[in-house]
Structure formats: structure tokens, C-alpha cells
Amino acid sequence: MICRSANLHRQEEIVALIQKKYPAAALVLADGTVFEGRSRGAAGLATGEVVFNTAMTGYQEILTDPSYTGQLVTLTTAHVGNVGANKEDMESRSVYAAGLIAKSIAENASSWRAEESLPAFLKRHGIVAIDGLDTRALTIHLRQTGAQPGAVIALESGEMTPEALEAAKTAAAGWGSMAGQDLAQTVTTDVPYEWKEGSWELPTAHTAGGFRKPVAHPYHVVAYDFGVKTNILRLLADRGIRVTVVPAKTTFEEAMALNPDGIFLSNGPGDPAPCTYAIETAKKAIAAKVPLFGICLGHQIMGLAVGAKTLKMKFGHHGANHPVEALGEKHVAITSQNHGFAVDAATLPENARATHASLFDGSLQGFELLDAPAFCFQGHPEASPGPHDIDGLFEKFARALAEAHAQKAEAAGE
Ligand SMILES: NC(=O)CC[C@H](N)C(=O)O
């Protein structure tokens with residue numbers, strides 16, 4: 001007994017000694033709660049909305065998902081970084097999360113796919129990260145109080161100072177709210193481009209092996225980039241779709257001038273309500289009966305376009321283990337989720353049918369229109385990270401495109 005507790009004490013001492021190697025860091029929430037830990041990324045002060053993600057894998061995909069713009073992401077899984085980072089697992093060109101909060105971040109990567117360690121990756125992208133804090137207590141706090149603004153202060157060296165803590169407190173208190181922020185237009189592409197594996201400058205050595213599939217691309221889709229993830233474009237391409245990615249503010253008329261068979265509305269950060277330009281596009285696509293598919297922010301934009309309302313959730317859905325019911329189908333899918341807003345199901349118009357609901361809280365997870373080939377999903381059928389239970393939605397879109405394509409060909413033949 002004495003021996004065991006002595007060992008435990010020694011272990012704690014060792015952990016403390018290892019952690020002292022790293023400079024001090026602290027997370028300060030807007031309500032004044034402080035969590036101290038160690039800096040494991042770049043030095044600096046980062047502010048944002050503090051959210052938690054319950055996925056046990058996929059930290060690199062999470063960090064590079066543009067929908068996390070303006071958010072400090074807490075990973076509830078105990079240990080991250082052990083497989084490092086590589087070019088292939090980028091969900092966009094860069095890291096978009098404002099900062100990383102984790103219980104323990106591995107210094108060394110142990111994977112044949114790793115090109116650098118997680119701390120090196122974070123430093124290279126100038127992203128602050130803190131570990132060595134009680135992420136379970138933090139998550140419980142966020143569940144009770146709701147996602148709230150916070151600041152991570154990560155020192156260059158040494159121990160925490162009252163001045164640094166004060167600076168973080170002021171920054172957290174002054175950050176404001178995610179509600180009302182149009183962030184999609186800040187992360188969208190500047191110019192249209194045709195998506196190909198490797199069009200995001202991935203070296204051939206990486207793209208040749210894992211992802212590329214020799215498929216023909218008979219259909220053409222204009223994909224609105226509100227912060228699109230790579231795996232969405234990849235899964236569209238895998239289903240025979242040539243994808244032209246366009247800036248968020250491309251008008252419906254400009255999109256149609258590219259002669260697409262359908263339009264895709266991507267995921268993205270911030271509040272959907274101020275994205276009036278995108279809501280306008282969705283309204284016109286629905287009226288013109290162009291096949292339309294929306295994911296996450298795209299789903300919310302479609303909700304607003306049909307006259308439904310969106311709301312800010314208490315702490316949102318961020319994880320890879322969310323059960324979603326396919327309504328009327330006696331079928332449950334485990335899904336990947338990342339959203340802080342939701343479409344209020346009660347405000348859907350009569351020509352819309354709710355297709356999916358969250359089994360965690362009953363919130364709306366998808367709907368389709370009864371009088372137009374338009375449907376959308378709140379979670380992430382493309383996963384990355386997460387399960388692929390619901391990637392059949394890409395096939396559903398491909399079927400709608402095939403139909404529209406055949407109708408167009410018939411009309412042209414007459
Ligand atoms: N992943 C997303 O597209 C997120 C949509 C929106 N920014 C939200 O938080 O609800």
C-alpha cells in the first residue's frame with residue numbers, strides 16, 4: 001500500500017517535471033474561470049468561442065476544418081498528437097481553429113504517415129495550444145454554462161505571470177459572440193477553380209496512393225465554398241462529379257453561367273443568418289429547381305432560404321459519435337458533427353419534410369423539399385474525422401444530378 005502510493009507520488013512528480021519543460025499557458029473563460037497548463041504550440045494570445053469536441057481521433061482534420069474559425073477547440077479525448085501530422089490529412093490549406101486545448105499533447109509522433117509532430121505542426125501554423133489542464137472539468141463547465149468566449153495565453157518561456165493572466169481575462173471578456181458573425185466570407189476562396197486531388201498543392205507522392213480513384217466525371221456541380229472541407233470535394237468527385245469551387249458571393253446567375261447539373265452549398269464557420277448573399281443564391285436555386293445539396297452551414301442557409309429560422313445552441317454538437325435518426329426509416333446513423341447553430345424544425349414550411357433528427361437532443365439534422373430536388377444535412381456525411389454511416393447522401397445527390405442531366409439532354413435533343 002505504502003509502496004503503491006509512493007509510486008503514484010513519484011509518477012506525479014515525473015509528470016510535473018516533464019511539464020515544467022514547457023512554458024506556462026492558461027485558458028481564461030469570459031466568466032473568469034482560469035485553467036492553467038503548459039504551452040504546446042506557438043507562443044501568443046488567442047481568443048475565440050471555447051467549444052469541446054468528443055471525437056477520439058482526427059485532431060488534424062478538426063484543426064484544419066474551416067468551420068472552426070474563431071473557436072478554441074477542446075478535445076475531450078485524453079491524449080492527442082501520437083500520430084503527428086501530415087499533408088494528406090489536411091481538410092483545407094491551413095489550420096483554422098483559433099487554438100487547441102487538450103489534456104495531453106504528445107511531443108513525438110509515432111506513425112509511418114507522420115511528417116512532423118503535432119507541436120511542430122501547431123508552431124509552424126502559429127497556433128497556440130495548451131495541455132496539462134483538467135479538460136473533463138472544463139467540458140462539464142461548458143456543458144453547464146454553454147460555449148463561451150475565452151482566451152489562451154501561451155508564454156514564450158517560464159511561469160505564468162499576473163500580467164499575462166490579466167491580458168487573457170480582458171481579451172476573453174471583450175471577444176463578443178459567435179452570433180451575428182458572417183465568417184464564411186472571410187474563409188472562402190478568392191477565385192473559382194476546378195477541384196482535383198492535388199489542386200491544394202498536395203505533393204503527388206501523397207495523393208497518388210490513398211485517395212485518387214479512376215472515375216469518369218459526367219456531371220458538373222458548382223460548389224459554393226463557405227469554408228469547404230477537402231473530403232466533401234473528394235467524395236463528390238468520387239461519385240462522378242466534376243466540381244467547380246466558387247467564392248461565397250458568386251451570384252446564382254454567375255453559377256448557372258457555368259452550366260452545372262447541380263449546386264452544392266458547403267459547411268463553414270460563423271452564424272448562417274448574416275450570410276444574406278448565400279441565402280439569396282439558395283432561394284433562386286430552389287425556385288429554378290436546380291438539384292441542391294447543403295452540408296452543415298449549407299443546410300442552415302437552405303433552412304433560412306425556405307423561410308425557417310436558425311438558433312444558437314447552448315454548446316452545440318462537436319464529435320464523431322452522434323446518433324442521428326433517419327425519420328420514418330427505422331434507421332440510425334452514427335455521424336460526425338460540428339455545429340453551434342441549428343435550424344428550428346418547428347419553423348420549417350409545409351413544402352419541407354424533416355428527414356433526420358439528433359437522438360441526443362432531438363434537434364433537426366436534415367430536411368428535403370417536396371417540390372424541388374433540394375435536400376441537406378446538418379452533420380458531416382463526409383466525416384473526416386468520423387464514421388461513414390451517412391455518406392449515401394452523396395449518392396442521393398448524384399442521382400438527382402443524373403436525372404437533371406438526362407432532362408437537359410432530352411430538352412437539348414428536342
Ligand atoms: N460545420 C459547419 O458548417 C458549422 C456551421 C455553423 N458555423 C455552426 O456552427 O453551426
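Residues numbered from 1 in each chain as written. Predicted model: local features only at pLDDT ≥ 70, side-chain atom pairs only at ≥ 80, totals over all residues. Heavy atoms only, no water.

Put simply, the test is: UniProt positions are given in the numbering used here, feature names are shortened, and annotations may be inferred rather than shown by experiment.
Naming follows an unreviewed UniProt entry, where the chain appears as Carbamoyl phosphate synthase small chain of Sutterella massiliensis. What the UniProt record of the chain gives under Subunit (unreviewed entry) is the line "Composed of two chains; the small (or glutamine) chain promotes the hydrolysis of glutamine to ammonia, which is used by the large (or ammonia) chain to synthesize carbamoyl phosphate. Tetramer of heterodimers (alpha,beta)4." According to its UniProt record, the chain has this under Sequence similarities (unreviewed entry): "Belongs to the CarA family."

1. What about the site of the ligand?
Selection criterion: Only a single heavy atom is needed: when it lies within 4 Å of a molecule or strand, its residue is near that molecule or strand. Counted as a polar contact is a pair of N or O atoms within 3.5 Å, where, for protein atoms, one must be capable of donating a hydrogen and the other of accepting one, and residues adjacent in sequence contribute only when both atoms are in side chains. Using the Shrake-Rupley algorithm and a 1.4 Å probe, accessible areas are obtained, with residue cover drawn only from the displayed protein chains. The way it works is a 1 Å grid over only the protein atoms, where trapped points that fit a 1.4 Å probe form a cavity and open points with protein on both sides within 12 Å along at least five of seven lines form a pocket, and then any residue with an atom within 4 Å of a point lines it. More than half of a molecule's atoms lying within 2 Å of a cavity's or pocket's grid points is what places that molecule inside it. Where helices and strands are cited, they refer to DSSP runs of H or I of at least four residues and of E of at least two residues respectively, numbered from the N terminus.
The local shell around the ligand holds 13 residues, among which G268, G270, C296, G340 and F341 are the closest. Contact between the ligand and H380: a nitrogen atom at 3.2 Å from a side-chain N or O atom of the residue. Considering the ligand on its own, with 290 Å² of exposed area, one finds that the protein chains cover 97% of that surface. Here the ligand is seated within the largest cavity. Those elements that place two or more of their residues in the shell around the ligand are α11 (297–305) and β14 (331–343). For the shell around the ligand, the element with the most residues is β14, which contributes four residues.

2. Focus: the pairing of strand β10 (residues 241–247)
Let me state the cut-off plainly: Burial status follows relative accessibility: with a 1.4 Å probe on protein chains alone, a residue under 20% of its type maximum counts as buried, one over 50% as exposed, and anything between as partly exposed. Pairing between strands requires that DSSP locate at least two bridges from one strand to the other. Clockwise travel from the first strand over the helix to the second, with the strands pointing away from the viewer, marks a crossover as right-handed.
Of all seven residues that make up β10, six are buried, and the element is covered over most of its length. The pairing of strand β8 (residues 193–194) with β10 spans two bridges and is classified as antiparallel. Of the residues in β10, the one forming a bridge with Y193 is V245. In the sheet, strand β9 (residues 219–225) pairs with β10 via seven bridges, with the strands oriented parallel. Paired with Y224 across the bridge in β10 is V246. On the question of chirality, the crossover connecting β9 to the parallel β10 by way of helix α8 (residues 230–238) is right-handed.

3. Focus: the pairing of strand β1 (residues 24–29)
Within β1, six of the six residues are buried, leaving the element largely enclosed by the surrounding structure. Neither face of β1 is exposed, since A24, A26 and V28 on one face and A25, L27 and L29 on the opposite face are all buried. Connecting β1 to the antiparallel partner strand β2 (residues 34–39) that follows it, the hairpin turn spans four residues, and G32 within it adopts a positive phi of roughly 95°.

4. Brief notes about the UniProt feature "domain: Carbamoyl-phosphate synthase small subunit N-terminal" (unreviewed entry) in the chain
According to UniProt, the positions carrying the feature "domain: Carbamoyl-phosphate synthase small subunit N-terminal" (unreviewed entry) are residues 23–153. This span, residues 23–153, is 18% helix and 31% strand, and a straight line between its end C-alpha atoms measures 11 Å.

5. A closer look at the UniProt feature "active site" (unreviewed entry) in the chain
Our working rule: The contact criterion used throughout is that any non-hydrogen atoms of two residues lie within 4.5 Å.
Under the UniProt annotation, "active site" (unreviewed entry) lies at C296, H380 and E382. A maximum C-alpha distance of 11.0 Å places the annotated residues, which cover 87 residues in sequence, within one compact spot. The annotated residues contributing to the lining of the largest cavity are C296. With respect to the helices and strands, the residue H380 is situated in the loop between β17 (374–377) and α12 (392–413). Discounting residues that sit within four places of it in the chain, H380 has contacts with K229, N267, I295, C296, S336, Q337 and N338.

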